[in-house]
6 protein chains.
Amino acid sequence: MLAGRYGRQVADGLMSVSTATLTSQLRKRGLDGCIFTNLRLLGKVERMVGFARTVRYLPLREDLFPARSAGLNAQKRAIESLQPGEVLVISARGIQDAGTIGDILAMRAAQLGAAGVVTDGAVRDLTAIDSLDLPTFAAAHHPAPLGHRHVPWDTDVAVACAGVLVEPGDLLVGDADGVVLLPEPLVAELVSASLDQEDEERYIADQVRSGASIDGLYPLNAEWRARYEAARERDPS
Amino acid sequence: MLAGRYGRQVADGLMSVSTATLTSQLRKRGLDGCIFTNLRLLGKVERMVGFARTVRYLPLREDLFPARSAGLNAQKRAIESLQPGEVLVISARGIQDAGTIGDILAMRAAQLGAAGVVTDGAVRDLTAIDSLDLPTFAAAHHPAPLGHRHVPWDTDVAVACAGVLVEPGDLLVGDADGVVLLPEPLVAELVSASLDQEDEERYIADQVRSGASIDGLYPLNAEWRARYEAARERDPS
Amino acid sequence: MLAGRYGRQVADGLMSVSTATLTSQLRKRGLDGCIFTNLRLLGKVERMVGFARTVRYLPLREDLFPARSAGLNAQKRAIESLQPGEVLVISARGIQDAGTIGDILAMRAAQLGAAGVVTDGAVRDLTAIDSLDLPTFAAAHHPAPLGHRHVPWDTDVAVACAGVLVEPGDLLVGDADGVVLLPEPLVAELVSASLDQEDEERYIADQVRSGASIDGLYPLNAEWRARYEAARERDPS
Amino acid sequence: MLAGRYGRQVADGLMSVSTATLTSQLRKRGLDGCIFTNLRLLGKVERMVGFARTVRYLPLREDLFPARSAGLNAQKRAIESLQPGEVLVISARGIQDAGTIGDILAMRAAQLGAAGVVTDGAVRDLTAIDSLDLPTFAAAHHPAPLGHRHVPWDTDVAVACAGVLVEPGDLLVGDADGVVLLPEPLVAELVSASLDQEDEERYIADQVRSGASIDGLYPLNAEWRARYEAARERDPS
Amino acid sequence: MLAGRYGRQVADGLMSVSTATLTSQLRKRGLDGCIFTNLRLLGKVERMVGFARTVRYLPLREDLFPARSAGLNAQKRAIESLQPGEVLVISARGIQDAGTIGDILAMRAAQLGAAGVVTDGAVRDLTAIDSLDLPTFAAAHHPAPLGHRHVPWDTDVAVACAGVLVEPGDLLVGDADGVVLLPEPLVAELVSASLDQEDEERYIADQVRSGASIDGLYPLNAEWRARYEAARERDPS
Amino acid sequence: MLAGRYGRQVADGLMSVSTATLTSQLRKRGLDGCIFTNLRLLGKVERMVGFARTVRYLPLREDLFPARSAGLNAQKRAIESLQPGEVLVISARGIQDAGTIGDILAMRAAQLGAAGVVTDGAVRDLTAIDSLDLPTFAAAHHPAPLGHRHVPWDTDVAVACAGVLVEPGDLLVGDADGVVLLPEPLVAELVSASLDQEDEERYIADQVRSGASIDGLYPLNAEWRARYEAARERDPS
């Protein structure tokens, strides 16, 4: 799927480059607004790449809750319509004292091939969520159902999540450090630059392990860059 | 306008009952989700009654900001289309370190007959805003334009503002204490009960001023209620 | 002990139903005030059921600290008088930059048969606490003794802890998701309803694992409910 | 009353020395725990001196609220039993999104001769409260009744308020800067030292107004102290 | 002083353009880091323009406090050496529960011709500070002396204040909305662009007052700009 | 190194006594300002003892960032000049939504024999940092580079970190509970008293494990102290 869209090299890069590297490349392009904050990774899979599907919670209104939460509500509709490779993004206004998704819905998302879940709220059923083959990024855990603080409101609209404006379809990448959003027009460029950066950093790390000073090495000055390029020419990694 | 919709008595009540009384009546009906939090009243008019028109800000995304903020952006569209008696509700995610509305737009809102402005963000041009004949409820003041933290995104959608889910058209009432939302089906009932409550409380306050103990008086026990009713029969206020 | 008080079925249920399920049942009855917030589970035992014994900290007053903290102070009295099956609830005003209980007192609590410890403050001796056979729910960890911010004040009074009003004797249940309080008159009803809910949810989870859509399944509509009941009739779980 | 207890000079001092001076004297004696935080003064009287009467709120428990809030509840009992010169201290856990005291109860407190009100919660009926001849120190204002977040629980117990442990009977002093608590055994000493400090500071301020450098003057070095003492001898203030 | 450095027109502009306008111009140049946050203006002068002199507080260390706070400590040295037109910037780590500057030191600063005071901490002696002819921007007020939380540490170093990196000598401008920093190389350009912007906005405000729609007017489209320029040609403001 | 400076016994004590014990001893001497707050231990080494080397971040100023962050910037200079046994202290103003140190620099620090890293900001490359033989204390993790919020400014100055004033050369001790600072003149005394305290507490813990009540035992009363001393005489631990 990623390969069909971006080509094999970029697709592979998306599966390998770290969010720490991607944030460096985002910042170089002035895109500070694409970096999520305050998320912890749960689940047995430590890598997430996928396209955003959004659901928006709004604050509890007791008069509106019953109709909005019954049956196949916004959250359940969003989950039920997930396509393989999509990331469910739950906008919960950063509220940490009520759950958002729990084990059954997370299981359903995984079964439908979801690439992950991201929420600035809390998850319920922490132990079960943490044992799934689904990377879930959440701000906290809490036993309460969403109705404790929220009404599930609508889906497939632009939302705020963990400080980032997410539009449906935005490409998200996550690892243990957190989550970043890659604007579509820049995906190939960001990944390519990140692959280059990580190759340099692997070389730098090797030199550091060998006792080199970081002065001139990190970032590479002209002399070190020449050595790096020579090394890569000898032995393309 | 209010009279045409709710009848004269309710319309008058909407202009007189305090938000403190209305919250008591909302709570009696389990409607805690209708009470805004952390707002300060600015402007020379100390009373606001009107129907919500909403605008939603989302977090700054540098790649999306230019197109979304140019020309007649969401905030300006919302203001330009305000009808007399409407309240502009600006959802700013509680962010206090960037402005939302400033003096020119507030002036335009006032000119179009807006009933007020409510935002969980900050206002700019504090001195000018505070001198308008327009009640403005804001969480803070800050010199920065909205682009410091926000993108003005869309209008006329349900939003979260100061902890309350606001749908376009919701009736809002504000005074020095803050703002409340009155769900449409309950407006007449809430106002009527509030008028009764305030009449009782005026009587109670008179007794307190005369030195009465609040024991049995506040709330009225049977004996005091009989006296109150007798007094009102003698002299309907 | 639990069986003697509530009967075998409820006692067993208390040891098995998740706090996520209990919060759903509490919310159905309008009891949002019984759900603790922002707690992390420490220790080798992942389940807590017991009755609250309370100790209350107040803010450090240098003039009152010496007399109140010496010898068998309030915290130590509370611990020393713990009965088997009791949960020590330490009210620390949500302060995270001073410890509350440390390893020796936790060990003593465990030795006396305490069912657990709950505090909205921090624990000291994190490694030792985390290795005990005693479930401890805390908001944080911190090396400082309680006198850094607190005076241990009194015991066996109603307290606020992690956002919940706890009276001595209240029944508390905890697991990895957090802690809930079950009001005594509702214990049997809450547990029974939770057992039913979890049985339904196990059935639902099985269907989800088999690829069923959650539409109509979660929550069960009439058709799915009929199948569920038929399945349970065939094979009572 | 104050004069009877502390003598005329100390009583007069209590009515005149600023809380800023008193905090300096408290700190000199290691009593940092006696300084309240985050309070704003309301009302037409800018000076408060009186003895604490306490009321404690606990978090809303829907099952306990009805019985505890009905009739002459803890808050009303505390107010109704206020003696002249007493300060009502309302412990509200720093919660700012629900009111504590409103206009009728504040009016009753004033009528009974209360010296003031201090709460780390919010007041209701801001405009009315601010027009009373009663100094009220609060963290915020909010229209909601206390039941939005609290249960009024008990009275005349030690409480935490705005970061300070307050026991019934503690002496409180307040002005525009905030509130401090003076431990009984130190009242005379603290006031006497504060009077001396303020006399020195008046002298220093006069010198500053005349263009003197603060080097050596503030605090007084030996030379300046000699001049100060000579001046005071010539003209005892 | 300003005129000597920047020329008459820029100097006048510095005394007239609002911080709200300056933030717009700063943002256009990508300088979001020059906008202070969460400050309230005190004092009888509503305009501040001056050059930063810095003092840095560090967290209280009881072992270091005596030597560092005695005599002419860092804060007092900074104040005593203030030159006319300088702004005292007190870096207090955003701590609001201890004072920074009080009335005597503020009076001395005013006497020495200081242009203002800016602190992300609290002021003491609120009433006195608010009555001085010295604009003071603070995050809060609090009666405690600085030693309650701070040690006055050093002066004339780069500091963080209210979210902004301030170097000694940086130009600061403040009004009711808050404070901004103008990087030296851009002062003339920022002021000039701000004067132009405010001239346009005055024209726009006039049109709004006359009933014009903001569509096309704010910001000026080609047609409105032509009218604006024609008007200014007829009647240079 | 430690042994050369403090003698063998103190050096060994520094490697063994817990931070929880050291905070008790610090508090006994009124040194509350030496206890760090809100830090989590990462890395495979669970014990840190070393001398502070400081680096200070200031808030992002877009105009100053390029020159200050390029090449061997303040952070890199600090790291490159680390001596064996030194602890890198990164002052990040408690900002959690940007990284400070990442894997390459941490690796270099480890290679140079650093004793650890302490920051009140976030680390990048969480997984790599957590796998190093270097104890790292951080408030959070975040993928963004420091430039997202900070400018690396200067080194080897006194800084605030996690609520503590740290001067270059201050001795820091860390374990799973957090970090404390030991003022140089008190190191021997604090360690010696901590060793004594831990010996007592080991004895107390043994008694608790044997079923003893803590009444009179913890802290030791005269009778228990006699037994303790007799036991130690028989069997010096």
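Residues numbered from 1 in each chain as written. Chains lettered and ligands numbered in written order. Predicted model: local features only at pLDDT ≥ 70, side-chain atom pairs only at ≥ 80, totals over all residues.

Mapping chain F onto chain C leaves a residual RMSD of 0.0 Å; the transformation is a rotation of 120° accompanied by 0.0 Å of translation along its axis. Taken together, the rotation and translation describe the operation of a three-fold axis. Looking at the rotation axis and the C-alpha trace of chain F, the residue lying nearest is alanine 140 of chain F, at 7.7 Å. (Least-squares fit on C-alpha atoms with pLDDT ≥ 70 in both.)

This part takes up the domain arrangement of chain A. Domain boundaries in chain A define domain 1 (32-182) and domain 2 (189-234). On a C-alpha basis, the centroid separation for the pair domain 1 of chain A and domain 2 of chain A is 38 Å. (Domains from an automatic or database assignment.)

This brings us to the arrangement of the chains. Chain B makes no contact with chain F; the smallest distance between any of their C-alpha atoms is 14 Å. Separating chain D from chain F is a minimum C-alpha gap of 10 Å, and the two share no contact. (Contact = placed C-beta atoms within 7 Å.)

Turning to helix α3 (residues 19-28) of chain D, a few remarks are in order. All names here are of chain D. Of all 10 residues that make up α3, eight are buried, and the element is covered over most of its length. Along α3, the positions that sit buried rather than exposed are Thr19, Ala20, Thr21, Leu22, Thr23, Ser24, Gln25 and Leu26. Those residues of α3 that are buried lie in contact with β11 (171-175), β12 (178-182) and α8 (187-209). In the segment just after α3, glycine 30 is the residue with positive phi, at about 75°. (Buried ≥ 20, exposed ≤ 12 C-beta atoms within 10 Å, placed from the backbone. Helix = DSSP H or I, 4+ residues; strand = E, 2+ residues; numbered from the N terminus.)

Attention now goes to the pairing of strand β2 (residues 48-59) of chain C. Each regular strand shows side chains that alternate between the opposite faces of the sheet. Residue and element names in this part refer to chain C. Burial analysis of β2 places 10 of its 12 residues in the buried class, the great majority of the element. Sheet analysis places β2 next to strand β11 (residues 171-175), joined by four bridges and oriented antiparallel. Looking at β11, one finds that valine 49 is bridged to valine 173. Note: β2 against strand β3 (residues 86-91), six bridges, orientation parallel. Residue pairing across strands places arginine 56 opposite serine 91, the latter belonging to β3. The pairing of β2 with strand β8 (residues 150-155) spans five bridges and is classified as antiparallel. Each residue of the ladder has a partner; that of valine 55, found in β8, is threonine 155. (Pairing = 2+ DSSP bridges.)

Residue and element names in this part refer to chain F. By the element assignment, asparagine 73 lies in the loop between α4 (65-69) and α5 (74-80). Accessibility expressed as a C-beta count within 10 Å gives 18 for asparagine 73, which makes it partly exposed. Sequence separation of asparagine 73 and tryptophan 153 is 80 residues, and the distance between their C-alpha atoms is 7.9 Å. Discounting chain neighbours no more than four positions away, the residues touching asparagine 73 are Arg68 and Pro152.

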